[in-house]
Amino acid sequence: MFIAAAATSSDPVTQAWIEFVGHLHPLVLHFPLALLLVGTFAVVWNWFRGEEGVGEFAFHCLWIGAAMAVVSSVSGWFFAEDEGAGKGLELHRWFAVASTVAA
């Protein structure tokens, strides 16, 4: 897999990019999370109002949030390379992957 191959690269430029992308994780995490939550709220709101479909606003919030969740998961995977290992980190990683797939 690309992430595993990139994370084990000995090239200093690649390592610098992995570190840079990894440290963006806290920044790129919160925006997609907010979009997914707002999009979900908009879908529920539309259902309560009896409207057909999910609505344009909710649709755009959800697809942008899902696309950004991929970026967030990748950056989190790289960020974890600097943070060490542990049971909590492994659970966090795989919960993030499952959430991204669900999004």
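Right, let's walk through the structure included here. Since the model is a prediction, treat every value here as computed from it, not as a measurement. (Residues numbered from 1 in each chain as written. Predicted model: local features only at pLDDT ≥ 70, side-chain atom pairs only at ≥ 80, totals over all residues. Heavy atoms only, no water.)

A tally of helices and strands in the chain yields 5 helices and 0 strands. Going residue by residue from the N terminus, the α and β elements of the chain occur as α-α-α-α-α. Of all 103 residues assigned to the chain, the portion counted as buried reaches 27%. Put simply, the chain shows about 7100 Å² of open surface, and 74% of that area lies on carbon and sulfur atoms. (Helix = DSSP H or I, 4+ residues; strand = E, 2+ residues; numbered from the N terminus. Buried < 20%, exposed > 50% of the residue type's maximum accessible area, 1.4 Å probe, protein only. Areas by Shrake-Rupley, 256 points an atom, 1.4 Å probe, with all protein chains shown as cover.)

Once that is clear, we can look at the environment of Ala-58. Here Ala-58 is to be found in helix 4 (residues 56-83). Using a relative accessible area of 1% as the deciding quantity, one classes Ala-58 as buried. If we ignore the near neighbours within four places in the chain, the residues touching Ala-58 are Gly-39, Ala-42 and Val-43. (Contact = heavy atoms within 4.5 Å.)

This brings us to the packing of aromatic side chains. Taken as a whole and assessed by the stated rule, the structure comprises 2 aromatic pairs. An angle of 80° between the planes, with centres 5.2 Å apart, marks the rings of Trp-77 and Trp-94 as edge-to-face. Residue Trp-77 is found in helix 4, and its partner Trp-94 is found in helix 5 (residues 87-102); the two are separated by 17 residues along the sequence. The exposure class of Trp-77 is buried, given its relative accessible area of 19%. (Phe/Tyr/Trp six-rings, centres within 6.5 Å; stacked < 30°, edge-to-face > 60°.)

On to helix 3 (residues 25-49). Helix length check: helix 3 (25 residues) gives 36 Å between terminal C-alpha atoms against 36 Å at 1.5 Å per residue, within 8%. For helix 3, the full list of buried residues reads His-25, Val-28, Pro-32, Leu-35, Leu-36, Gly-39, Ala-42, Val-43 and Asn-46. Where helix 3 terminates, the next one or two residues include Gly-50, which has phi positive at roughly 80°. (Expected span 1.5 Å × (residues − 1).)

Applying the stated rule across the entire model yields 2 salt bridges. Its salt-bridge partner being Arg-49, residue Glu-51 comes within 3.2 Å of it at the nearest N-O pair. Residue Arg-49 is classed as exposed on the basis of its relative accessible area of 52%. A salt bridge links Glu-90 to Arg-93; the shortest N-O distance between them is 3.4 Å. Of this pair, Glu-90 and Arg-93 both sit in helix 5, 3 residues apart, which is roughly one turn of that helix. You can call Glu-90 partly exposed: its relative accessible area is 33%. (Salt bridge = Lys/Arg side-chain N within 4 Å of Asp/Glu carboxyl O.)

There is a patch of nonpolar side chains on the surface, built from Phe-31, Val-54, Phe-59, Trp-63 and Ile-64 and spanning about 470 Å² of accessible area. Ranked by residue count, the leading element in the nonpolar patch is helix 4, at 3 residues. Positionally, Trp-63 belongs in helix 4. (Patch = residues over 30% accessible without salt bridge, like charges linked within 9 Å, V, L, I, M, F, W, Y side chains within 5 Å.)

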